[in-house]
Amino acid sequence: MSNNSFSLAELMIVAASEAWRGSGEVLASGLGIIPRLGASLAKATHSPELLMTDSEAFLVEEPIPVGPRGDYVPKYSGYMPFERVFDCVWHGRRHAMVGPTQIDRWAQSNLSVVGDYKNPKVAMLGVRGLPGNSINHRNSFFVPHHSKRVFVEGEVDMVSGVGFKPERWNSSMRSDLMSIGVAVTDLCVMDFDGPDHSARVVSLHPGVSFEMVQENTGFPLGQVVGLSETSHPTAEQLAVIDKLDPHGLRHKQLKGNPPGIRKPEEVRS
Amino acid sequence: MNKLTTTSGVVESLRDGMTIGIGGWGPRRKPMALVRELLRSDLKDLTVVAYGGPEVGMLCAAGKVRKLVFGFVTMDPIPLEPYFRKLRQAGQLDVMELDEGLFQWGLKAAGLRVPFLPARAGLASGVLTHNPELRTITSPYKDGEELLAMPALNLDVALLHVNRADRLGNTLITGNDVYFDHCFARAAEKCYVSAEKVDDRLDLDAATARFNTFERSLVTGVVEAPLGAHPTSCGPEYGWDMKHLKEYSDGAAEESGWQSYRETYIQCDEAEYRQRNGGDERIASLPLPIF
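Summary of the structure given here. Keep in mind that what you see is a predicted model, and the values were worked out from it rather than measured. (Residues numbered from 1 in each chain as written. Chains lettered and ligands numbered in written order. Predicted model: local features only at pLDDT ≥ 70, side-chain atom pairs only at ≥ 80, totals over all residues. Heavy atoms only, no water.)

Next up on the list: the overall build of chain A. Along chain A, the regular secondary structure elements total 7 helices and 14 strands. Relative to a compact globule of 269 residues, whose C-alpha radius of gyration would be 18 Å, chain A shows 18 Å and is just as compact. Principal-axis analysis of the C-alpha atoms places the extent of chain A at approximately 50 × 50 × 35 Å. In chain A, buried positions account for 57% of the 269 residues. A gap of 3 Å separates the mean positions of the 26 positive and 30 negative side-chain charges of chain A. (Helix = DSSP H or I, 4+ residues; strand = E, 2+ residues; numbered from the N terminus. Rg over C-alpha atoms; globule rule 2.2 N^0.38 Å. Buried < 20%, exposed > 50% of the residue type's maximum accessible area, 1.4 Å probe, protein only. Lys, Arg positive; Asp, Glu negative; His and termini not counted. Charge placed at Lys NZ, Arg CZ, Asp CG, Glu CD.)

Right, dumping it as structure tokens:
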């Protein structure tokens, strides 16, 4: 059952949740409100086997709503402080969705600096856990504003998360433990499963054409056979999302909180 | 045995050019009373090793940092640390930027007294290319895998803040996450711990004793510093002070921002500092963050 009244954020939450389908008993980490709601929706619906935390230090079997908790009392099933997260990361049973500042054609990502490394134009957080995450377990991306500033033409300015660029590897390094899931953007869903791990558009959000995505991406894109529209949230999914986000934080994540179904001119504006 | 000292006692034992590890994580359980004492001192040319929060920005703003060993610097709800950015973007900060897990690995290597520990993290990334001192190593076993040899992060001093301690150097961390303070303690030549409360001797039941995460033989000195993590959080006792951190952060946009922060919050003793932040009662009741 589809519902005509849903926001772009809700469409992206549902698309994000699909990233974790079939991942198995892995720690699902969605960083940021939309990825976290995506992971929570996945666990609450199609993938209850996922491991999840309260975003602090405890494992939960029931995803915790985002924002102030009111009367909600979390029920814990285990312990997962940072030190154990690190163990879990290097062991590989994790699938994170992160929002890097830059992503390149090789699926390399950047959270460190924009510009020259010694004299950066913009210093961000630092590489955080991206080098270790990306070389050890599956990672997906969340991109709230799909543009050439994010999907850069050349290589990202500082390779924080590793990717498929052959020059960065040698034959005695293990590159087989890394894997890239999808990139959920405000225009489409992409993966890096084209020839030689090239980027492809997997589905287009309503009102978006392949050409529009390509115009806003710094490198050439392929597309899957039978490219279709991103699945609309069902009424059931929207009800679960509402329960997971009782304060409507999802409405504040994308500029202007656009509707899920847009005309092409609305997408361009 | 009595390891009780004061913030100034700790800072007097430090020297220019030292490598100083700071416990906690981002804006969480940072030894801020000790950091403020350090900010009042003439110490300089420090190498700071931290999962960075506002203490890194403050030390940068005060011109104390020659080199920063880090995986991130952030104040969580205020993601970008303004004074760290300023120095970094001015090209005036020598950095060793590491993956969070590699950082832990470096502390572990130091604590285990080995020159390095092997890791996959960092390979194929900018961590390897931008840190020319990092080397790789080939596994001597039949797999022959090439790995990063994460060098030991040997610390001259570690500064930590915990919930409770005693004069012997026993410590308890009762918050939900103990972070990596135990790794800092073991990686350091000397370790100074400030605590919300210092007893003569901890006499605990078994369940409470499990909150002890490193042994007292690693602890050089103990300082009583009530609310000493402010403006960072110290679960389960008090949360971070976002009003204070926002004022600190907003100030960075102004020419005299650090100067005025310094005058208001650094150039006074800890009792006065707490008073200027609304008093003990207000700080003690700052709500714990919800994640």
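Contacts between the two partners involve 48 residues from chain B, matched on the other side by 46 residues from chain A. Buried surface at the junction of chain B and chain A, summed over both partners, amounts to about 4,000 Å²; 56% is from carbon and sulfur atoms. Taken together, chain B and chain A are joined by 2 salt bridges. For A:Glu83, the salt bridge goes to B:Lys108, with nearest N and O atoms at 3.2 Å. In this structure, the connection of chain B to chain A is made through 22 residue pairs in polar contact (both at pLDDT 80 or more). Those elements giving two or more residues to the side of chain B that touches chain A turn out to be strand E4 (65-73), helix H4 (82-89), strand E5 (94-97), helix H5 (100-112) and helix H6 (126-130) of chain B. (Contact = heavy atoms within 4.5 Å. Buried area = accessible area lost by both parts, 1.4 Å probe. Salt bridge = Lys/Arg side-chain N within 4 Å of Asp/Glu carboxyl O. Polar contact = N/O pair within 3.5 Å; in protein donor to acceptor, adjacent residues only side chain to side chain.)

Attention shifts here to the sheet that holds strand E3 (residues 58-60) of chain A. All names here are of chain A. Pairing is antiparallel in the open sheet, where 3 strands are placed in the order E2-E3-E4. Pairing within the sheet leaves two strands with one partner each, and these edge strands are strand E2 (52-53) and strand E4 (76-79). As judged from the 2 bridges shared by E2 and E3, these two strands associate in the antiparallel manner. Bridge pairing in E3 links threonine 53 to leucine 59. (Pairing = 2+ DSSP bridges.)

All we've got here are geometric facts, nothing functional implied.
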